[in-house]
Amino acid sequence: MIWNPAIETADRETIEKIQLERLKDIVGHAYAHVPFYRERMDKKGVKPQDIRKLSDIELLDFTVKNDLRDNYPYGLFAVPMEEVVRIHASSGTTGRPIVAGYTRQDLDNWAECIARIATAGGATRGDIAQISFGYGLFTGAFGLHQGLEKIGAAIVPISSGNTERQINLMRDFGSTVLIATPSYAMYMAEVAQRMDALKDIKLKYGLFGAEASTEAMRAELERRWGIVATENYGLTEVMGPGVAGECLCKTGMHINEDFFLCEIVDPVTGKALPLGEQGEMVITTLTKRAMPMLRYRTRDITRLLADKCPCGRTSLRMEKCKGRTDDMLIIRGVNLFPSQIESVLVGAQGVTPNYEINVSRENYMDKIEVRVELDDSYNIDNFIQVERLRKDIMAKLRTVCQLDIPVILVSGGTLKRFEGKARRVNDSRKLV
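Keep in mind that this is a model prediction, so the values were computed, not measured.

### Topic: the sheet that holds strand E7 (residues 228-235)
Line of reasoning, step 1. Within the open sheet, the nine strands sit side by side as E4-E3-E5-E6-E7-E8-E9-E14-E13. Their pairing is mixed. Edge strands, defined here as strands with exactly one partner in the open sheet, are strand E4 (154-156) and strand E13 (304-305).
Line of reasoning, step 2. Pairing of strand E5 (residues 177-180) with strand E6 (residues 205-208), which is carried by four bridges, proceeds in the parallel orientation. Opposite Ala 180, over in E6, you have Phe 208 as the bridge partner.
Line of reasoning, step 3. Packed on one face of the sheet, helix H8 (residues 182-194) meets strand E3 (128-131), E5 and E6 and runs near 125 degrees to E5.

What follows is the structure, given as structure tokens:
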């Protein structure tokens, strides 16, 4: 099922015509109402009327996260506060929070974007959707809530936490769609199994987001819950969830191109890369009135796909993010993404999906170790069995990561669980 066939199956000429009209409008809107953008453009000698084709977006400077922090809280708003009807923000754990404002029209557009990706992921008006994102300043819960409500699904706005109650209500209410982070959904499955509740749960689909996950994680979620799991993508700076989402064909996340213009650039040089090449995602909002974003550097590493999807949608798609440029670890000269480690650990026989990566520096030398929990089939006291498993995992990590990574196997239930975004990496080098 396709929510908005007129747009989601439109040809490239139609989509690019809409994009160009909206790009011209939003650049003019930002120039007229946001001093930050006007000063940037004036400094480069660029005016809104210089945007004559989509590639002219390269005339504009990038916007980066520090620009939002430097203009905290409302410096990038393009409308008077009386037109702002919602304010969201990031956690701000590494500095000032990132603030996002929305007009009434922005919220309507957001609901439309979510309705499309939720429908693509299998949700219908007959479903009962349990939203296990945390409600609050975080954009995830409210974003998915309003889009699923738009398609007519019944919403269970339970938020995150109190996991046993989550499972009880999921069983009692007959929830058919789960909205959560992949890591929390994995923990919920663990609790449901412990409660012997999985046999009574009616979940069909999982719409997962807010953190990147691997194909191995998806396969494990589908196996444990007996669902079809899709991933969606977004970020507070440009709206929240709803930029893109997978359909049931799982060939990449379909981008809502009439609302977002996406580029892939070289993360080092900032130069635009040809379609299909891997690089950093850069997003320009095409309709956001309260807080337009021009060429926002997401730091997410992915690529855009243009080949035809069997579902019939014609939009460009983005691959699952490989990682983030600011999450990449450099260990003794080797570039390493946490997702590479996860791809080995999740679904591996003998261990659970719960792990942590610890990075440190000793005598000017980088050190890394991985701690992962044993599952119920292994006894921590059986040294020979556990040592054989440890060496097997280390050998697979060496093949995938091109590094010798020590592995420490611990008893089940030892490592921290996450109700929101999982924080798998502890890098003490940043504190030295």
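### Notes on the sheet that holds strand E15 (residues 323-324)
Line of reasoning, step 1. Pairing is antiparallel in the open sheet, where four strands are placed in the order E10-E11-E12-E15. Of all the strands in the sheet, just strand E10 (260-265) and E15 have a single pairing partner and so form its edges.
Line of reasoning, step 2. One ladder, built from four bridges, connects strand E11 (residues 279-285) with strand E12 (residues 296-302); its direction is antiparallel. Note that in E12 the partner of Gly 279 across the bridge is Thr 302.

### Some points on helix H3 (residues 35-44)
Line of reasoning, step 1. Of the positions making up H3, those classed as buried are Phe 36, Tyr 37 and Met 41. The buried residues of H3 all sit within an arc of 120 degrees when viewed along its axis, so they share a single face. H3 presents Glu 39 and Lys 43 as exposed residues on the side facing more than 90 degrees away from its buried surface.
Line of reasoning, step 2. Tucked into the core, H3 has its buried residues touching helix H2 (12-33) and helix H4 (65-70).

### Details of the pattern of salt bridges
Working definition: two side chains of opposite charge can pair if their charged atoms are close together.
Line of reasoning, step 1. Scanning the model with the defined rule gives 37 salt bridges in all.
Line of reasoning, step 2. With a shortest N-O distance of 3.4 Å, Asp 366 and Arg 429 are connected by a salt bridge. One end of the pair, Asp 366, is in strand E19 (residues 365-374); the other, Arg 429, is in the segment after strand E21 (425-427), and 63 residues separate them in sequence.
Line of reasoning, step 3. Assessed through its relative accessible area of 12%, Asp 366 is described here as buried.
Line of reasoning, step 4. Its relative accessible area of 12% is what places Arg 429 among the buried residues.
Line of reasoning, step 5. Residues Asp 427 and Arg 429 are paired through a salt bridge, measuring 3.0 Å at the closest nitrogen-oxygen approach.
Line of reasoning, step 6. For Asp 427, a relative accessible area of 14% gives the class buried.
Line of reasoning, step 7. Linked by salt bridges that have partners in common, Arg 22, Glu 112, Arg 116 and Asp 258 make up one network.

### Focus on the packing of H2 against H3
Line of reasoning, step 1. Across the interface, H2 lies against H3 with an axial gap of 5 Å and an inter-helix angle of 105 degrees. When the interaxial angle is binned, H2 and H3 end up roughly perpendicular. Listed contacts from H3 to Val 27, Ala 30, Tyr 31, Ala 32 and His 33 of H2 are Pro 35, Tyr 37, Arg 38, Met 41 and Asp 42.
Line of reasoning, step 2. Per-class residue counts for the contact of H2 with H3 are seven nonpolar, one polar and two charged.

### Remarks on the side chain of Glu 190
Line of reasoning, step 1. Checked against the element boundaries, Glu 190 lands in helix H8.
Line of reasoning, step 2. Here Glu 190 is in contact with Arg 224, Asn 354 and Arg 417, once residues within four sequence places are set aside.

### Observations regarding the pairing of E3
Line of reasoning, step 1. In terms of strand pairing, E3 meets E4 through three bridges, oriented parallel. Opposite Gln 130, over in E4, you have Val 156 as the bridge partner.
Line of reasoning, step 2. A crossover connection joins E3 to the parallel E4 through helix H6 (residues 139-151); in handedness this β-α-β unit is right-handed.
Line of reasoning, step 3. Alignment of E3 against E5, held across three bridges, turns out to be parallel. Bridge assignment links Ala 129 to a residue of E5, and that residue is Val 177.

### Focus on H6
Line of reasoning, step 1. Counted at 1.5 Å a residue, the expected span for H6 with its 13 residues is 18 Å, and the 19 Å between its end C-alpha atoms agrees.
Line of reasoning, step 2. Counting buried positions along H6 yields 10 of 13 residues, so the element is predominantly enclosed.
Line of reasoning, step 3. Among the residues of H6, those classed as buried are Thr 139, Gly 140, Ala 141, Gly 143, Leu 144, His 145, Gln 146, Gly 147, Leu 148 and Ile 151.

Conventions and cut-offs
Residues numbered from 1 in each chain as written. Predicted model: local features only at pLDDT ≥ 70, side-chain atom pairs only at ≥ 80, totals over all residues. Heavy atoms only, no water. Pairing = 2+ DSSP bridges. Helix = DSSP H or I, 4+ residues; strand = E, 2+ residues; numbered from the N terminus. Contact = heavy atoms within 4.5 Å. Axes fitted to C-alpha atoms, helices over the stretch in contact; angles between N-to-C directions. Buried < 20%, exposed > 50% of the residue type's maximum accessible area, 1.4 Å probe, protein only. Arc of directions from axis to C-beta. Salt bridge = Lys/Arg side-chain N within 4 Å of Asp/Glu carboxyl O. Parallel < 35°, antiparallel > 145°, perpendicular 65-115°, else oblique. Nonpolar A, V, L, I, M, F, W, Y, C, P; charged D, E, K, R; others polar. Right-handed = clockwise from strand over helix to strand, strands pointing away. Expected span 1.5 Å × (residues − 1).

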